[in-house]
Amino acid sequence: MDGSDPMIEFVIHSLKAGGGELAIAPMPGRTRHYGTDWQRLLAWRPDLVLTMTTQAELDRKGAGSLGVDLGNKNIGWLHLPVVDFGVPDGLDWPGVRDQTLPVLGNGGRVLVHCFGGCGRSGMMVLRLMIAAGEEPEAALVRLRKVRPCAVETDAQMAWARAG
């Protein structure tokens, strides 16, 4: 670690889940140049990235091309925009689950990010862990060991536990 605050640095926090690797991170470009964070993202070698930020958030920090950039590297991308501190509205959860769990089941790597890498992404990571067969309380404890700020609101917790 370089001494900077990990809460605002692009750090990928990963854990084993569903037979693969599931990770939570802030948005590339949030606190530094997008290109620097992009290189760290690539070095982690994700097979699929789930973006929980709005397009406006991506654009504001120079990450508006993230989906195209991932596609150019043959990395899958699901853009699942949720407002900050919010929960998904109209999200096709079965579709997300059915695209994500097989990646993990084949030993793949899935990176989930929102703006800060806490609430929205934590909510999605927790729901994926539960969908992969983990008991909700144990999954939350494991997730918060690697990312203490994961899942920020009661509504996010309720969505993550909805099954």
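For the structure itself, consult the block above.
These numbers were taken from a predicted model, which means no experiment stands behind them.

Asker: Can you help me understand the sheet that holds strand β1 (residues 13-17) in this one?
Answerer: In sheet architecture, strand pairing relies on hydrogen bonds along the backbone and comes in two forms, parallel and antiparallel. The strand order across the open sheet built from 5 strands is β1-β2-β5-β3-β4, with neighbouring strands paired in mixed fashion. Across the chains shown, the open sheet's two edge strands, defined by having one partner strand only, are β1 and β4 (76-79). Within the sheet, the average angular offset between the axes of one strand and its neighbour, ignoring direction, is 20°. Note that strand β3 (residues 48-51) and β4 share 4 bridges and pair parallel. Among the inter-strand pairings, Leu48 is bridged to a residue of β4, identified as Gly76. Relative to the sheet, helix α4 (residues 93-105) contacts β1, β2 (20-25), β3, β4 and β5 (109-113), its axis offset from that of β3 by approximately 145°. Contacts from helix α5 (residues 119-131) reach β1, β2, β3 and β5 within the one sheet, and its direction differs from that of β2 by about 160°.

Asker: I would appreciate a short explanation of the pattern of salt bridges in the present structure.
Answerer: Side chains carrying opposite charge are able to pair once their charged atoms draw close together. One pass over the full model with this rule turns up 7 salt bridges. Among the ionic pairs, Glu21 bridges to Lys16, the shortest N-O distance being 2.9 Å. For Glu21, a relative accessible area of 12% gives the class buried. On the basis of relative accessibility, which here comes to 58%, the residue Lys16 falls in the exposed class. If you follow the salt bridges from partner to partner, you end up with Glu57, Asp84 and Arg120 in one network.

Definitions and cut-offs
- Residues numbered from 1 in each chain as written.
- Predicted model: local features only at pLDDT ≥ 70, side-chain atom pairs only at ≥ 80, totals over all residues.
- Heavy atoms only, no water.
- Pairing = 2+ DSSP bridges.
- Helix = DSSP H or I, 4+ residues; strand = E, 2+ residues; numbered from the N terminus.
- Axes fitted to C-alpha atoms, helices over the stretch in contact; angles between N-to-C directions.
- Contact = heavy atoms within 4.5 Å.
- Salt bridge = Lys/Arg side-chain N within 4 Å of Asp/Glu carboxyl O.
- Buried < 20%, exposed > 50% of the residue type's maximum accessible area, 1.4 Å probe, protein only.

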